[in-house]
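# Residue-level structure breakdown
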Amino acid sequence: MSIYELKPRFQALLRPLVGRLHAAGATANQVTVAACAVSVALGLWLFFAAPPAAAFALVPLWMLLRMAFNAVDGMLAREHGQQSALGAFLNELTDVISDAALYLPFALVAPFSPFWVGTVIVLAGMSEFAGALGPTVGASRRYDGPLGKSDRAFVFGALGLYVALGLPLPAWASWLMPLLAAGVAWTIGNRIRRALAEAGAKPSH
């Protein structure tokens, strides 16, 4: 089970907005790039400017808005004839870049280890790579959990809210990033295994 499975309901809520954006001339690629730009700007600002802890409240807020941006760009592409080869590259690459930027500030939060935050960032990128490789073996693009993009957004959004409230993290929370790393590694394995199973189940021609 993954939060990703709730996406159709989320898209239904956004469909009227997507129609208005299309009428206004917005493109899927513009939405994709805009979401990435905001993600990178927010993540780097939190990391380098070291603002008050309350600024971490922007993480869950933006995670929610970013999910909306991601749904909107996909709907513009599929439902309004804007699918393109460039869009496919942008969709995958900007997600990995955005995730890395938004997870980075947590390396400054005690008792998290910068090493383990970095490990989560690397594994998160690999999980999206593993999912995107599905079509190369004759399977679909895999979005299996337990820690896909939407699930990680929920976890880091919740952590951002906790930090923003000024609540100190207990010492045992140092194990949270290794556990997240293990969950993302499991996700990678699930995506590979299920892609191979899907490809193997298809009749050969």
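Residues numbered from 1 in each chain as written. Predicted model: local features only at pLDDT ≥ 70, side-chain atom pairs only at ≥ 80, totals over all residues. Heavy atoms only, no water.

This part takes up the pattern of salt bridges. For the structure shown, the criterion picks out 12 salt bridges. Here Glu92 and Arg141 are joined by a salt bridge, their closest N and O atoms 2.7 Å apart. Linking Glu92 in helix α4 (residues 85-103) with Arg141 in the loop between α5 (114-132) and α6 (149-164), this pair joins segments that are 49 residues apart in sequence. Of the two residues, Glu92 and Arg141, neither departs from the other in class, the shared state being buried. Between Arg142 and Asp144 there is a salt bridge, with the nearest N and O atoms lying 2.9 Å from each other. Each member of the pair, Arg142 as well as Asp144, carries the same accessibility label: buried. (Salt bridge = Lys/Arg side-chain N within 4 Å of Asp/Glu carboxyl O. Helix = DSSP H or I, 4+ residues; strand = E, 2+ residues; numbered from the N terminus. Buried < 20%, exposed > 50% of the residue type's maximum accessible area, 1.4 Å probe, protein only.)

Right, let's get into the packing of aromatic side chains. Scanning the entire structure with this criterion turns up six aromatic pairs. Look at Phe56 and Phe106: their rings are 5.4 Å apart centre to centre, the planes differ by 70°, and that puts the pair in the edge-to-face class. Residue Phe56 is located in the loop between α2 (28-49) and α3 (58-79), and its partner Phe106 is located in the loop between α4 and α5; the two are separated by 50 residues in the primary sequence. Here Phe56 falls in the buried class, since its relative accessible area comes to 7%. (Phe/Tyr/Trp six-rings, centres within 6.5 Å; stacked < 30°, edge-to-face > 60°.)

Turning our eyes to something else, we now look at unusual backbone geometry. Here Ala110 and Pro111 are connected by a cis peptide whose omega angle stands at 5°. The topology assignment puts Pro111 in the loop between α4 and α5. Residues other than glycine seldom take positive phi values, yet Ala50 does so here, at roughly 45°. Positionally, Ala50 belongs in the loop between α2 and α3. A residue is classified by how much of its surface remains accessible, and Ala50, at 56% relative accessible area, is exposed.

Bringing α2 into the picture now. For α2, which comprises 22 residues, the first-to-last C-alpha distance of 31 Å matches the rise-based estimate of 32 Å (1.5 Å per residue) to within 8%. Every buried residue belonging to α2 is among Ala28, Val31, Thr32, Ala35, Cys36, Ser39, Leu42, Gly43 and Leu46, and all of these are buried. Axial view of α2: buried residues confined to an arc of 135°, hence all on one face. Residues of α2 that are buried in the fold lie against α3 and α4. Where α2 terminates, the next one or two residues include Ala50, which has phi positive at roughly 45°. (Expected span 1.5 Å × (residues − 1). Arc of directions from axis to C-beta. Contact = heavy atoms within 4.5 Å.)

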